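# Overview (structure and organization)
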Amino acid sequence: MAVRRIDVREKVMARNNELAAEVRGRLAAHRIPSLNLVSSPGSGKTSLLEQTLDALGDRIRMAVVTGDVQTQNDADRLAARTDRLVQAVVTGGACHMDARQISTALDEIDLAETDLVFVENVGNLVCPASWDLGEDAKVVIFSVTEGEDKPLKYPKMFEQSDYCVINKIDLLPYLPFDMDRAVACAREVNPNLRFFHTSALTGEGMEEWYEFLATLAGIGQGAMG
Amino acid sequence: MHELSIAYDICRITEEHVGAGELASVLEVGVEVGVNAGLEIDSLEFCLEALLGAPPFGQAVPKIERLDGDELRVTYVEVEDGSP
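Position numbers for residues count from 1 along each chain, tracking the sequence in the order it is written. Chain letters start at A and ligand numbers start at 1, both assigned in the order the entries are written. Predicted model: local features are reported for residues with pLDDT of at least 70 only, side-chain atom pairs are reported and counted for 80 or more only, and whole-chain, interface and lining totals are derived from all residues.

### A word on the interface of chain B and chain A
Keep this limit in mind: Contact definition: two residues whose C-beta atoms, as placed from backbone geometry, lie within 7 Å. Strands are runs of DSSP state E lasting at least two residues, helices are runs of H or I lasting at least four, and both sets are numbered from the N terminus onward. Three classes are used, and their members are as follows: Ala, Val, Leu, Ile, Met, Phe, Trp, Tyr, Cys and Pro are nonpolar, Asp, Glu, Lys and Arg are charged, and the others, Gly among them, are polar. Any two strands are treated as partners once DSSP identifies two or more bridges connecting them.
The partner chain A presents 21 residues to the 22 residues of chain B that form the contact. Of all the secondary structure elements, the ones that give two or more residues to the side of chain B that touches chain A are α1 (3–18) and β3 (72–80) of chain B. If one sorts the elements of the side of chain B that touches chain A by residue count, β3 of chain B sits on top with nine residues. In the side of chain B that touches chain A, the residues fall into 11 nonpolar, six polar and five charged. Taken together, the seven bridges between strand β1 (residues 3–11) of chain A and β3 of chain B define a ladder with antiparallel strand orientation.

Here you go:
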């Protein structure tokens, strides 16, 4: 029996990365910045976006693509806060979103009338780190009900993120959470992280987040009132 | 957690290089996996054994090489070429 060997040398993620490049190109052509929100389940991604849509919706035209393993509950919550289209991706068991899903979602979004795109990824601090969605930056959200050493336990996600939102700071009086240690753990993994300290419930710390988004979307501080 | 979807992608890449009609003749699929690729390598191997050992494949087995770093790629496919 003769055996023939075919050289392949193909990266398994190459197809996804090609699609991510296509997504990045489409967004760049419309000068639309994009943020991929990643976190463990329950850190407050949807609440952060609800408040953001409420606060900035009349100044920044935001589109959101949500991903969940099951239900479109998050998309429904966000759709209640905006007249703009919220695209729901139900991954049907998959632990991450991929670039094809984002590309398909963008087909339904009027990019000419959009200033900023959010992807709310599946709540999972491991797998979404392996899939480039074509975003400009990942924002890792980390709540004070989680352990301070979470960045050390899940380093890839923190390494790949440019921004870190530490959320639920309204609970700090009731928890033994050491903020300095949490920030130090995150900086140990990624010294370049920019931090936001927020409570999406009370609004504390949200202004800095809003100013950041406004600047990103090209609206600028002056237009923020 | 996503080893099965990666295993399906490896099968897709194999099919692209071999052809859909020739999958039963695949004997071995070489895969390089970095220890930081975000995968449980034993789980990936289990998934690949299940997929490559069933139709449309016939008797193929994965050959996984563990590397440093986060590399993840299909390196080669071996097929029975039909000649004696």
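### Looking at the nonpolar core
Applicable threshold: To count as a nonpolar core, a set of buried Ala, Val, Leu, Ile, Met, Phe, Trp, Tyr and Cys residues must be joined through C-beta atoms within 7 Å. Here a residue counts as buried when 20 or more other C-beta atoms fall within 10 Å of its C-beta, as exposed when 12 or fewer do, and as partly exposed in between; the C-beta atoms come from the backbone.
Grouped together as the largest cluster of nonpolar side chains are 59 residues, with contacts concentrated most on Ile 102 and Phe 118 of chain A. The residues touching Ile 102 of chain A, leaving out its near neighbours within four places in the chain, are Val 23, Val 65, Met 97, Val 119, Leu 133 and Gly 134 of chain A.

### Let's talk about helix α8 (residues 206–216) of chain A
All names here are of chain A. Short version of the rule: Throughout, the arc means the angular range of directions from the helix axis out to the C-beta atoms.
Here α8 has its buried residues at Met 206, Trp 209, Leu 213 and Ala 214. Taken down its axis, α8 places every buried residue within 135° of arc, on the same side. Packing partners of the buried residues in α8 comprise α2 (45–56), β5 (116–120), β7 (163–167) and β8 (194–197).

### Comments concerning unusual backbone geometry
Residue Pro 56 of chain B follows Pro 55 of chain B across a cis peptide bond; omega there is 5°. The backbone of Arg 31 of chain A sits at a positive phi, close to 55°, despite the residue not being glycine. Its location among the elements puts Arg 31 of chain A in the loop between α1 (14–29) and β2 (34–39). The phi dihedral of Thr 71 of chain A falls on the positive side, at around 70°, and the residue is not glycine. Of the residues examined, Thr 71 of chain A has 10 C-beta atoms within 10 Å and is grouped as exposed.

### Describing the sheet that holds strand β1 (residues 26–34) of chain B
To be explicit about the condition: Inter-axis angles, ranging from 0 to 180 degrees, are taken between N-to-C directions of lines fitted to C-alpha atoms, where helices are fitted over the stretch in contact.
Strand order in the open sheet formed by four strands is β1(A)-β3(B)-β1(B)-β2(B), with mixed pairing between adjacent strands. In this open sheet, the two strands that pair with only one neighbour each are β1 of chain A together with β2 (61–67) of chain B. The average angle at which neighbouring strand axes cross in this sheet is 15°, direction not considered. Bridge count for β1 of chain B against β3 of chain B is seven bridges, and the pairing is antiparallel. Across the sheet, Val 33 of chain B pairs through a bridge with Leu 72 of chain B, a residue of β3 of chain B. Together, β1 of chain A together with β1 and β3 of chain B form the strand contacts of α1 of chain B, whose direction differs from that of β3 of chain B by roughly 50°.

### Re the packing of α2 of chain A against α8 of chain A
Residues and elements named next belong to chain A. To be explicit about the condition: Each angle gets one of four labels, with under 35 degrees taken as roughly parallel, over 145 as roughly antiparallel, 65 to 115 as roughly perpendicular, and the rest as oblique. Helix crossings fall into two classes, left-handed where the near helix is turned counterclockwise from the far one by less than a right angle and right-handed where it is turned clockwise.
Where α2 meets α8, the axes come as close as 11 Å, and the angle between the chain directions of the two elements is 65°. The angle between α2 and α8 places the two elements in the roughly perpendicular class. The element α2 and its partner α8 pack so that their crossing is right-handed. Contact residues: α2 offers Gln 51, Thr 52, Ala 55 and Leu 56, while α8 offers Met 206, Tyr 210, Leu 213 and Ala 214. Its residues assigned to classes, the contact of α2 with α8 comprises six nonpolar, two polar and no charged.

### Overview of the sheet that holds β7 of chain A
Residue and element names in this part refer to chain A. Ordered in space as β4-β3-β5-β2-β6-β7-β8, the seven strands form an open sheet in which the pairing is parallel. The sheet is open, and its two borders are formed by β4 (86–90) and β8, each paired with just one other strand. Sheet twist, expressed as the average angle between the axes of neighbouring strands with direction ignored, equals 20°. Each of β2, β3 (62–68), β5, β6 (137–143) and β7 is contacted by α2, which is oriented at about 160° to β5, the strand it contacts most.

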